Amino acid sequence: MSNSQEHSTKKLMNKPEVIIPEMIEGMISAHPDLLRLEGETGRAVVAIDGPRDGKVGIVIGGGSGHEPAFAGYVGRGLADAAAIGNVFASPSPEHIKEAAIAADGGAGLVFLYGNYTGDCLNFNMAAEECTALGMDVRSVAVIDDVASAPKDKAGERRGIAGDFFVFKIAGAAADQGRSLDEVFAAASKANAATLSMGVALSACSMPQTLKPNFEIGPDEMEIGMGLHGEPGMRRSKVETADHVTDNLMDMILGEMAPAAGDEVAVLVNGLGATGQMELYLIHRRVAQILKQRGVRIYHSWVGEYCTSMEMAGASITLMKLDDDLRALLDHPCRTPALTVGSAPEPVIGSKHTARIYETHDHDDTVDRASLKTDGTVTPRVFRSMMYAAAEAIAREKDRLSELDGVIGDGDHGVTMDIGWTAVVKSLDAAPDEDTISQTCTRTAKAFLDAVGASSGPLYAGAFKRAGKAVSDRLNMDAKAMAAWVEGMLLGILDRGGASVGDKTMLDAWAPAVEAAKKAADAQADALAVIAAAAAGARRGADATRDMESRRGRSKKLGARSVGHIDPGAESAHVILQAMTDALSHQG
């Protein structure tokens, strides 16, 4: 193992499990004139002077660890609210919905976030829920990173520091009183006009692991690396500031192709551990290159605007301006991280009315007398299997995160443990008479509310579908156990866009289902069925070692992802094996 993975990092924190709420508490106490907290989850940061009746609400959000993004851009003239996720993990739909309710002025909402699988899943789910409540929601996923996909696949690009400009433009358009269609159009135009590229010099670390989340040599850099350690275009020895800047600008300008006389806005962004001295060296070269082309810099920002905790490195972002984008860029705003112009003037007569949303309570009462009672897996036994899965994930979280650090952002074990910890808390508070289906529904909600990321919606969908598959039963027999395992797979397929062979959790769940159904058809008992599923998941997870990733953040690794087990597939096996072991110990 390389030296980059052996040493521990250091952070000033109390307990990793409370680092996000304590950070939010610190932001609110530091900026009480700008920010307040709303909602029950404690993850919706709202502008004191932002939401107002008749104004389009701007809701931004994403994972923590990128400060000052995202809550740092909440304030008058920019975002009305931000939904704050766990470290490097999207906020959950509940976090986002609370931010949306706080920002809703009755004129519609625009959701803005980076184009990552977890963010897209969670913001889309939140948009569906908000639409059901009567809100009109539009979404813009920022796609500025030119290194992450070619121009003809720009829709697949990830969002990095370009968030800064897209958020600014959308916030200004909304503050000017433009309509929902007009704000959405302005944000979309800014998104299309903004391109970025970055370079990483060192890794960062998760608060829960204190280990570098990817490997990079002491004399190496990676051109085009993303904000979470996603792979870039090439890795090489560290080069001079001018040479690195030339590389980044060549990619940006090669696509943007500004003509002599055009104007651009420039952002030179530090990733967390790169000082202003180096950032100004980069800007110096950016200015030289643009001057040679006859392109005018309208305004520049140099500093830390979208970071990756303690990662060393920087990114360059250009937004090509027209008259409207220039005017929106100049529109005053006041937030913890960005002030443009003088403090915005109060809007005469403005107010923000708390809205009442129609909600429909779902009757989850069950006529237990109508349920099938044959089978050895009772609700009590099934609940013990859920507890066992949670304990196994807790034991394996570091190993799962290490697997993810090789091909992802290093947080999978941490994320799964957060989800399962919430499940345990929910089950501890659940009535003893809950059926297996009700336990699954409870598990789905707990996981989704706690996790966000991509795992949250996917496993929430899985447990909901699995619970529905056995909703006619009090106890599970072998056939029902196989149906439950199949429900897990179908629920993941319902919400996700991956296919078998893409090197994801599906590559464990699909063979698990095949093996479980085969065992049930062969008249095996429930224990043999879940054991077969665990064995199938083991074979499937092992098979991902030879696959090239085609989904998620590891997709950009290409052939470099071969030789490594997918962490999502591995955690699927951990869950099923723990459930098998728990069932085998029942008397």
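Use the structure listed above.
A.B. asks: Can you help me understand the nonpolar core in this one?
C.D. replies: Soluble globular proteins tend to bury their nonpolar side chains together. Residues Val-377, Trp-420, Tyr-459, Trp-484 and Trp-509 are the most contacted members of the largest nonpolar core, which totals 74 residues. Sequence-distant contacts of Trp-509, that is, excluding residues within four places in its chain, are made with Tyr-459, Val-485, Met-488, Leu-489, Ile-492, Ala-572 and Leu-576. By size, the runner-up hydrophobic cluster in this structure holds 68 residues, among which are Met-27, Phe-165, Met-311 and Met-319.

A.B. asks: Quick question: what am I supposed to make of the sheet that holds strand β12 (residues 313–320) here?
C.D. replies: Backbone-to-backbone hydrogen bonds join strands into a sheet, with any given pair of strands oriented parallel or antiparallel. Pairing is mixed across the open sheet formed by six strands, whose spatial order is β9-β8-β7-β12-β10-β11. Of all strands in the sheet, those with a lone pairing partner are β9 (234–237) and β11 (296–303), marking the two edges. Direction aside, neighbouring strands of the sheet carry axes that sit 15° apart on average. Pairing of strand β8 (residues 220–223) with β9 involves four bridges; the strand directions are antiparallel. Looking at the pairing, Met-221 lines up with Ser-236 of β9. In the packing of helix α8 (residues 276–293) onto the sheet, contacts are made with β10 (263–270), β11 and β12, and the angle to β11 comes to roughly 165°.

A.B. asks: I would appreciate a short explanation of unusual backbone geometry in the present structure.
C.D. replies: For residues that are not glycine, phi is negative in most cases, and the peptide bond is trans in most cases. In this structure, the amide linkage connecting Glu-67 to the following residue, Pro-68, adopts the cis form with an omega of 20°. Here Pro-68 shows up in the loop between β3 (57–64) and β4 (81–87). Of note, the amide linkage connecting Ala-69 to Phe-70 takes the cis form, showing an omega dihedral of 15°. Here Phe-70 shows up in the loop between β3 and β4. For Leu-210, which is not glycine, the phi torsion reads 55° and is therefore positive.

Analysis parameters
Residues numbered from 1 in each chain as written. Predicted model: local features only at pLDDT ≥ 70, side-chain atom pairs only at ≥ 80, totals over all residues. Heavy atoms only, no water. Core = buried A, V, L, I, M, F, W, Y, C linked by side-chain atoms within 4.5 Å. Buried < 20%, exposed > 50% of the residue type's maximum accessible area, 1.4 Å probe, protein only. Contact = heavy atoms within 4.5 Å. Pairing = 2+ DSSP bridges. Helix = DSSP H or I, 4+ residues; strand = E, 2+ residues; numbered from the N terminus. Axes fitted to C-alpha atoms, helices over the stretch in contact; angles between N-to-C directions.

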